[in-house]
Amino acid sequence: MPRASAKTPADVGEQRIYHVTHISNLAGVLSSGALLADASKAWEGRPAVDISSAETRESRRSILVSGQGSLSVAKYVPFFLSPDASVWDSIRARSDDPRLALDAHGSAPFDFVILVSTVRKALDAQAAAAESAPESAAESAASAPESAAVAASAGVVAADGDAAGVLTRFGTTRADAEGVLRKLRKLRKLRADPESPAILEAEFLIEETFPFELVTLIGVANDKVRDLVKPILAASSHRPKVAVYPPWFQPAEESAE
């Protein structure tokens, strides 16, 4: 499998998005049929292994994506824009990162899996969901037009840095989100190093849930982990390809050598 971040996608929609989770959480994802936002009401039980520290969770629950009346960052499922994202690299390198829970610090990189999809799949899914519920949207707009407009525009959010960062800017409409992504792609293209700091910190956020059927690939560290993942996927009607790609699970310094 080629290094996904080595080439600039032909357009914003082809940009891959990456969600890292512990293999112990995968059965729960299949059971719910989706990745769930931290603050989603659909949770029946919390993840077996939590990556984020309590302080990070609290921060993301308090930061609003577009001002008064909008949703908090914790109401969105987070994705990275690079398989070498800085938080994930802290886990790979087992470095002391305050954003991470002790469980994440103590886990080996090969204990995790990377769920991969694309920006286009996320945007199309949000558009389809909006079209399938026009009546409820109209009722919401009639009762609270300002808050309904915010909610309708923020189904996907692109953040040009850590979503909990005080200087991070959010693109909350589809056009804004695509604009942020284009800016990040331009930064990456202009650098000799294909991984700019902005790309490594940026996030792509999807409101409330991300259906598992939109996952196109599951990246794993080795054959042993692949053999563990495949039986878990047997319980699902959707079985994305499971690909072994060790560089995604090595510290950035090692994978660059």
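Note that the structure is a prediction, hence the values are computed from the model and not measured.

## Description of the overall build of the protein chain
1) Next: Within the protein chain one finds 11 helices and 10 strands.
2) Next: When burial is assessed residue by residue, the protein chain has 46% of its 257 residues classed as buried.
3) Next: Residue pairs in contact within the protein chain that sit at least 24 positions apart in sequence constitute 72% of those at least 6 positions apart.
4) Next: Here the protein chain has roughly 12600 Å² of accessible surface; of this, 54% comes from carbon and sulfur atoms.

## Concerning the nonpolar core
1) Next: Membership of the largest hydrophobic core comes to 37 residues, with the highest contact counts inside it found for F204, F210, I218 and V229.
2) Next: Sequence-distant contacts of F210, that is, excluding residues within four places in its chain, are made with A34, L35, V77, F79, S117, A122 and V215.
3) Next: Listed in part, the 19 residues of the second largest apolar core include A104, F112, V116 and W248.

## Things to note about helix α2 (residues 54-62)
1) Next: What α2 keeps buried is the set T56, R57 and R60. Projection of α2 onto a plane perpendicular to its axis shows the buried side chains occupying an angular sector of 100 degrees, all on one side. Away from the buried face of α2 by more than 90 degrees, exposed residues A54 and E55 are located.
2) Next: Of the surrounding elements, those touching the buried residues of α2 are β3 (76-80) and β7 (203-207).

## Some details on the packing of aromatic side chains
1) Next: One pass over the full model with this rule turns up 5 aromatic pairs.
2) Next: With 4.8 Å between their ring centres and 65 degrees between their planes, F79 and F210 make a pair best called edge-to-face. On the criterion of sequence distance, the pair formed by F79 in strand β3 and F210 in strand β8 (residues 209-211) is long-range, its members being 131 residues apart. Accessibility assignment for this pair places F79 and F210 in one class, buried.
3) Next: Residues W88 and F249 carry aromatic rings whose centres are separated by 5.7 Å and whose planes lie at 90 degrees to one another, so their mutual orientation is edge-to-face. With W88 in helix α3 (residues 86-93) and F249 in the loop between β10 (241-244) and α11 (252-255), this pair connects stretches of sequence that are 161 residues apart. With respect to burial, W88 and F249 carry one shared label: buried.
4) Next: Here the aromatic cluster, defined as three or more aromatic residues joined through ring pairs, consists of Y18, Y245 and W248.

Scoring rules and cut-offs
Residues numbered from 1 in each chain as written. Predicted model: local features only at pLDDT ≥ 70, side-chain atom pairs only at ≥ 80, totals over all residues. Heavy atoms only, no water. Helix = DSSP H or I, 4+ residues; strand = E, 2+ residues; numbered from the N terminus. Buried < 20%, exposed > 50% of the residue type's maximum accessible area, 1.4 Å probe, protein only. Contact = heavy atoms within 4.5 Å. Areas by Shrake-Rupley, 256 points an atom, 1.4 Å probe, with all protein chains shown as cover. Core = buried A, V, L, I, M, F, W, Y, C linked by side-chain atoms within 4.5 Å. Arc of directions from axis to C-beta. Phe/Tyr/Trp six-rings, centres within 6.5 Å; stacked < 30°, edge-to-face > 60°.

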